[in-house]
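Report on the structure
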Amino acid sequence: MVKHLVFWKLKARAAGRSAAENAGEIQKRLEALQGRIPGLLRIEAGIDRSRTAASADLALYSEFSDQQALENYQAHPEHQAVVDFMGELVESRQVVDYLVPENPPG
């Protein structure tokens, strides 16, 4: 299994909406991908509540059956539509992808 984490800082205002409004719309669009892309096991988007200087505005947690499933998700037209929507809204993005061992120690 591969876990895919993404953190976005959004522009204060973009496309005529506030960062909070855009975060809500992005969350809705990302979570709508559940069950629509083969190999995407779980997808969850969360809006930051702490509002600290170090906070991102939005986080994505997702699980994929394997690396190929993650690559297919990234290229999938429905995911690309969300990426296109987010284009002008995002100030910065950080991502972490990691492999979960099949037989964890312990």
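Check the entry above for the structure.
Residues numbered from 1 in each chain as written. Predicted model: local features only at pLDDT ≥ 70, side-chain atom pairs only at ≥ 80, totals over all residues. Heavy atoms only, no water.

Some words on the layout of surface pockets
Its volume calculated, the largest pocket comes out at about 220 Å³. W8, H79, V83, M86 and R93 are, among the 15 residues lining the largest pocket, the residues nearest its centre. Listed by contribution, the elements that provide at least two residues to the lining of the largest pocket are β1 (2-10), α2 (67-75), α3 (77-86) and β6 (90-99). The element that contributes the greatest number of residues to the lining of the largest pocket is α3, accounting for five residues. Residues that form the lining of the largest pocket fall into these classes: nine nonpolar, five polar and one charged. (1 Å grid on protein atoms, 1.4 Å probe; cavity = no way out; pocket = protein on both sides within 12 Å on 5 of 7 lines; lining within 4 Å. Points joined across faces, edges and corners; volume = space filled by probe spheres on them. Helix = DSSP H or I, 4+ residues; strand = E, 2+ residues; numbered from the N terminus. Nonpolar A, V, L, I, M, F, W, Y, C, P; charged D, E, K, R; others polar.)

Some words on the packing of aromatic side chains
For any pair of aromatic rings, the description rests on two quantities: the centre-to-centre distance and the angle between the ring planes. Taken as a whole and judged by the stated rule, the model has one aromatic pair. Between R29 and the ring centre of F85, over which it is positioned, the NZ or CZ distance is 3.7 Å. (Phe/Tyr/Trp six-rings, centres within 6.5 Å; stacked < 30°, edge-to-face > 60°. Lys NZ or Arg CZ within 6 Å of the ring centre and 35° of its normal.)

Quick notes on unusual backbone geometry
If you check the backbone angles, A15 has positive phi at about 55 degrees while not being a glycine. Tracing the backbone shows A15 in the loop between β2 (13-14) and β3 (17-18). In this structure, R51 takes a positive phi of about 50 degrees despite not being glycine.

Read these as spatial facts, not as claims about activity.
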